[in-house]
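Inside the fold
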Amino acid sequence: MNSTQRTAAHPVLRVPPASPAAAAAYFGASLAFHADVSDVAAALSSGDDPGFVVLDSRSTESWDQGHVPGAVHLPTALIPEQAEQLLDRSVPVVTYCWGPGCNGATRAALALAELGFQVKEMLGGFEYWAREGFAYETWEGPRSREADPLTAPVDGDCGC
């Protein structure tokens, strides 16, 4: 069996990788649309104006259960009628919902973009915010939990 036959047999390379130029365009675009939890947390905790606002697009019950400190609460269904009153069009918005299994942040980002807002989606949502050990607020007050070593380094930073 030659190397072409071996490669074709493996599912990972059954469809060959994109060209480096196409990959650079795709991954560059991905970073224009997404932010990760750690980067959002670092920006919010820096003490400086992060240059963006965080928007929680979940229900009131979900918001009360836990949300990113300082986030604006605006459920996706209410974006068309309330975004103009709650958000400054000149400030980029970072949306989040529950987590990777939920596309609510994507729907919220779409609704905001259609209204003319600059927007990114926070990958991992509230689930990964809490799992990475960042403080959050609930209806009962501030909370935090130990970082899950499967999602965040126990000591130091991840080196990403």
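Computed from a prediction, not measured in an experiment: that's the story for all the values here. For every chain, the first residue of its written sequence is number 1, and the numbers climb from 1 along that sequence. Where totals are concerned, whole chains, interfaces and linings use all residues; where local detail is concerned, this predicted model gives features only for residues with pLDDT of at least 70, and gives and counts side-chain atom pairs only at 80 or more. Remark: hydrogens and water are excluded; side-chain values derive from all non-hydrogen atoms of the structure.

A few words now on the environment of Ser19. Secondary structure elements follow DSSP: runs of H or I no shorter than four residues count as helices, runs of E no shorter than two count as strands, and numbering proceeds from the N terminus. Considering the arrangement of structural elements, one finds Ser19 in the loop between helix 2 (11–14) and helix 3 (20–33). Categorising residues by exposure relies on relative accessible area from a 1.4 Å probe, with only protein chains included: less than 20% of the type maximum marks a residue as buried, more than 50% marks it as exposed, and the intermediate range marks it as partly exposed. Residue classification places Ser19 among the partly exposed positions, given a relative accessible area of 41%. We define a polar contact as two N or O atoms separated by no more than 3.5 Å, with the added condition that, inside protein, one atom must be a possible hydrogen donor and the other a possible acceptor, whereas residues neighbouring each other in sequence contribute only through side-chain atom pairs. Within the local environment of Ser19, its side chain forms a polar contact with the backbone nitrogen of Ala22, the two atoms lying 3.1 Å apart.

Any Phe, Tyr or Trp ring, taking Trp's six-membered ring, that has another such ring centre within 6.5 Å forms a pair; planes under 30 degrees apart are called stacked, those over 60 apart edge-to-face, and the others tilted. Taken as a whole and judged by the stated rule, the model has 4 aromatic pairs. Centre to centre, the rings of Tyr26 and Phe27 are 5.0 Å apart; their planes meet at 80°, and the pair counts as edge-to-face. Taking relative accessible area as the criterion, Tyr26 reaches 55% and is therefore assigned exposed. With a centroid separation of 5.3 Å and 90° between ring planes, the pair formed by Phe126 and Tyr136 is classed as edge-to-face. Remark: Tyr136 occurs in strand 6 (residues 136–138) and Phe126 occurs in helix 8 (residues 125–131); sequence separation between them is 10 residues. An aromatic cluster is built from Trp98, Phe126 and Tyr136, whose rings are joined through pairwise contacts. It is Arg58 that lies over the ring of Phe126; its NZ or CZ is 4.9 Å from the centre. Ring-over charges, as used throughout, are those where CZ of Arg or NZ of Lys falls within 6 Å of the ring centre and within 35 degrees of the ring normal. For Arg131, the ring lying beneath its charged end belongs to Tyr128, and the centroid distance is 4.9 Å.

Remember, this is a structural readout, not a statement about activity or role.
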